[in-house]
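Observations on the three-dimensional arrangement
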Amino acid sequence: MFITLRKLPEELLHLKALRARSVLAAVDADKLMRLERGSAGEREYDLLFDEAGHGNLYVYRDIYLQIEGSVTQYDTLIISESGIIVNEIKNFTGDYRVEGSMWTHSGGGQIPDDAASQLRRATGKLMRLRNTVRFNFDVSGKLIFPNDNFRLFCDDDRVWNQVVLRADLRRYLAGFNNEYSGEYASQLADVIERHIVPNPYFKQRVEFDSVRHSLYCGGCGSFKLEKQHFHLLCMTCGSRESNETHLVRAMSDFKYLFGPLEMTSRRMMQFTDGMVNYRTVLRSLAKYCHAHGQNKSTSYEFMYYDFEEAMEKEKPNRKYKDYIAR
Ligand SMILES: [Zn+2]
């Protein structure tokens with residue numbers, strides 16, 4: 001069973017909000033593209049794992065483990081009575097060649113931090129954890145390449161033993177049907193859970209006034225919105241989203257753009273450029289945020305991970321529907 005949700009990386013959410021409200025620098029646009037590609041690969045992997053079934057396993061996705069004073073990110077950990085298997089998911093496309101420990105892409109030279117040494121570090125950390133907790137378990141790992149357009153050229157069997165290509169992925173995941181999780185696997189999962197920490201690496205912030213304020217269409221990104229009674233109508237694509245939906249998107253953007261900057265009702269009015277009236281803003285803040293402090297100095301903390309999660313969880317509690325033009 002999937003124990004942890006696979007959420008979008010915080011850096012991706014930051015850059016998406018930034019792209020919506022400013023012009024991205026080339027290096028950021030490039031980063032965002034890579035993050036989006038990575039997330040698409042993980043979604044593909046999760047879908048295939050769902051199809052194969054994983055009710056007999058403990059599967060942790062996108063977690064950060066603190067081991068011996070440093071923090072390591074894991075795409076997927078699979079726990080059963082047989083121990084822990086690390087799956088590092090790489091949504092690479094194109095032709096790659098491996099010689100020795102060097103990975104090269106046919107399009108452009110050597111890859112500085114190759115996938116195999118990343119996997120080695122990730123499994124090595126878990127072996128160190130095993131020593132510190134004095135609980136014995138096996139650790140192994142695979143590099144998963146979920147993209148059909150990835151080809152690997154290599155004549156080293158040790159590399160091939162670490163790799164699962166798209167064509168073999170269903171079979172690989174179905175192989176876990178033979179595993180089972182009992183008391184031992186449950187204890188092992190406890191060991192892992194005790195070491196999960198929040199992502200310590202995400203620190204990107206921008207200044208409040210450095211991005212465009214106001215609200216934008218969830219269908220096409222346009223800021224040309226016409227106020228209606230309970231909705232905003234996009235003059236570019238015809239999508240119609242409720243005021244509430246727009247405010248939730250703004251709260252999520254606020255969270256990922258400005259970091260520790262306090263979200264107050266006044267700041268939210270500035271950020272949304274008065275597109276929605278004050279009372280509606282207050283009501284939405286109260287509904288989607290934890291409030292700290294009193295009256296005018298109240299600050300709000302968005303209680304959901306991101307826009308998508310808030311929309312999903314509060315679906316039954318929204319009166320007005322959204323219409324996204326496709
Ligand atoms: Zn639109």
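The name an unreviewed UniProt entry assigns to the protein chain is Nuclease-related domain protein, from the organism Jeotgalicoccus coquinae.

Comments concerning unusual backbone geometry
Although it is not a glycine, Arg 134 adopts a positive phi angle of roughly 55 degrees. Structurally, Arg 134 is set in the loop between helix 3 (115-133) and strand 6 (139-145). At Asp 273, a residue that is not glycine, the phi angle is positive and equals roughly 55 degrees. Along the chain, Asp 273 falls in the loop between helix 8 (265-271) and helix 9 (278-288).

A closer look at the sheet that holds strand 12 (residues 240-242)
As summarised here, the arrangement of the three strands in space is 10-11-12, forming an open sheet in which the pairing is antiparallel. Edge positions in the open sheet fall to strand 10 (225-227) and strand 12, since each of these has one partner strand only. Put simply, the sheet's adjacent strands are angled 30 degrees from each other on average, direction ignored. Two strands pair when backbone bridges link them, and strand 11 (residues 231-234) and strand 12 are joined in this way by three bridges, in the antiparallel orientation. Its bridge partner lying in strand 12, Leu 232 is registered against Glu 241. Sheet contacts for helix 7 (residues 243-258): strand 10, strand 11 and strand 12; angle to strand 12, the most-contacted strand, approximately 75 degrees.

A short note on the packing of aromatic side chains
What the rule picks out here adds up to 24 aromatic pairs. Their ring planes at 55 degrees and their centres at 6.1 Å tell us that Phe 208 and Phe 254 sit as a pair that is tilted. Pair noted here: Phe 208 is in the loop between strand 9 (196-197) and strand 10 and Phe 254 is in helix 7, with a separation of 46 residues, a long-range link. Look at Phe 254 and you get buried, because its relative accessible area is 2%. Connected via pairs of aromatic rings, a cluster forms that spans Phe 2, Tyr 45, Phe 49, Tyr 172 and Phe 176. Lying over the aromatic face of Phe 2, Arg 61 brings its terminal NZ or CZ to 3.8 Å of the ring centre. Its guanidinium or amino end placed over the ring of Phe 307, Arg 249 lies 4.7 Å from that ring's centre, counting from NZ or CZ.

What counts, and at which threshold
- Residues numbered from 1 in each chain as written.
- Predicted model: local features only at pLDDT ≥ 70, side-chain atom pairs only at ≥ 80, totals over all residues.
- Heavy atoms only, no water.
- Helix = DSSP H or I, 4+ residues; strand = E, 2+ residues; numbered from the N terminus.
- Pairing = 2+ DSSP bridges.
- Axes fitted to C-alpha atoms, helices over the stretch in contact; angles between N-to-C directions.
- Contact = heavy atoms within 4.5 Å.
- Phe/Tyr/Trp six-rings, centres within 6.5 Å; stacked < 30°, edge-to-face > 60°.
- Buried < 20%, exposed > 50% of the residue type's maximum accessible area, 1.4 Å probe, protein only.
- Lys NZ or Arg CZ within 6 Å of the ring centre and 35° of its normal.

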